[in-house]
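Descriptive structure summary
Chain by chain, the residues run as shown.
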Amino acid sequence: VQLQASGGGLVQAGGSLRLSCAASGSILSTNDMGWYRQAPGKQRELVAGFVGGDSAKYVNSVKGRFTISRDNAKNTVYLQMNSLKPEDTAVYHCNLRRIVFGRTQDYWGQGTLVTVSS
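My aim in this report is to walk through the structure given alongside it, one point at a time. Bear in mind that the values here come from a model prediction, so they are computed numbers and not experimental data.

Description of the overall build of the protein
Per the secondary structure count, the protein includes 0 helices and 11 strands. Secondary structure elements of the protein, listed N to C terminal, follow the sequence β-β-β-β-β-β-β-β-β-β-β. For the protein, the C-alpha radius of gyration of 14 Å lies close to 13 Å, the compact-globule estimate for 118 residues. Principal-axis analysis of the C-alpha atoms gives the protein an extent of 45 × 30 × 25 Å. The buried share of the protein, reckoned over its 118 residues, is 39%. The contacts in the protein between residues at least 6 apart in sequence include a share of 53% that link residues at least 24 apart. A total of about 6,500 Å² of accessible surface is found on the protein, and carbon and sulfur atoms cover 48% of it. The centroid of the 13 positive side-chain charges in the protein is displaced by 2 Å from the centroid of its 7 negative side-chain charges.

A word on the sheet that holds strand β8 (residues 76-81)
Across the sheet, which stays open at both edges, the 4 strands sit in the order β1-β3-β8-β7 with antiparallel pairing between neighbours. This sheet does not close on itself; its edge strands, each paired only once, are β1 (2-6) and β7 (66-71). Between one strand and the next, the sheet's axes are offset by a mean angle of 15°, whatever the strand orientation. Of the pairings in the sheet, the one linking β1 to strand β3 (residues 17-24) comprises 5 bridges and is antiparallel in character. Bridge pairing links S6 to S20 in β3.

Looking at the environment of S6
Secondary-structure assignment places S6 in strand β1. According to the relative accessible area criterion, S6 is partly exposed, its value standing at 38%. Spatially, the C-alpha atoms of S6 and D106 are 19 Å apart, while their sequence positions differ by 100 residues. When near neighbours in sequence (up to four residues on either side) are disregarded, S6 contacts R18, L19, S20 and T112.

Scoring rules and cut-offs
- Residues numbered from 1 in each chain as written.
- Predicted model: local features only at pLDDT ≥ 70, side-chain atom pairs only at ≥ 80, totals over all residues.
- Heavy atoms only, no water.
- Helix = DSSP H or I, 4+ residues; strand = E, 2+ residues; numbered from the N terminus.
- Rg over C-alpha atoms; globule rule 2.2 N^0.38 Å.
- Buried < 20%, exposed > 50% of the residue type's maximum accessible area, 1.4 Å probe, protein only.
- Contact = heavy atoms within 4.5 Å.
- Areas by Shrake-Rupley, 256 points an atom, 1.4 Å probe, with all protein chains shown as cover.
- Lys, Arg positive; Asp, Glu negative; His and termini not counted.
- Charge placed at Lys NZ, Arg CZ, Asp CG, Glu CD.
- Pairing = 2+ DSSP bridges.
- Axes fitted to C-alpha atoms, helices over the stretch in contact; angles between N-to-C directions.

Shape is all these values report; function is a separate question.
This is the structure we're talking about:
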């Protein structure tokens, strides 16, 4: 399984960005996929993800601003980020999680930097 993330960049506060993560390899549309982020000096946190199929989950700080979507035909997950704030600045990592014979396997993309200026 390989994940290719794209879409990061520099944006002013209040602006928007869309991240994309294309998965290739042996994956299923039911695999959990999502976006994590890690800011300097902070732990990695789940920003948004599809957990348990089509159920979308968001961290409280992005609810109402970020939207995760998925195109199963393209094996791609998107993160639309609106009303960006400086505290959204972080490296965003795409994740795919699958269960194989009862064992959890996590796959990560290369990370894409999002910088929000005030």
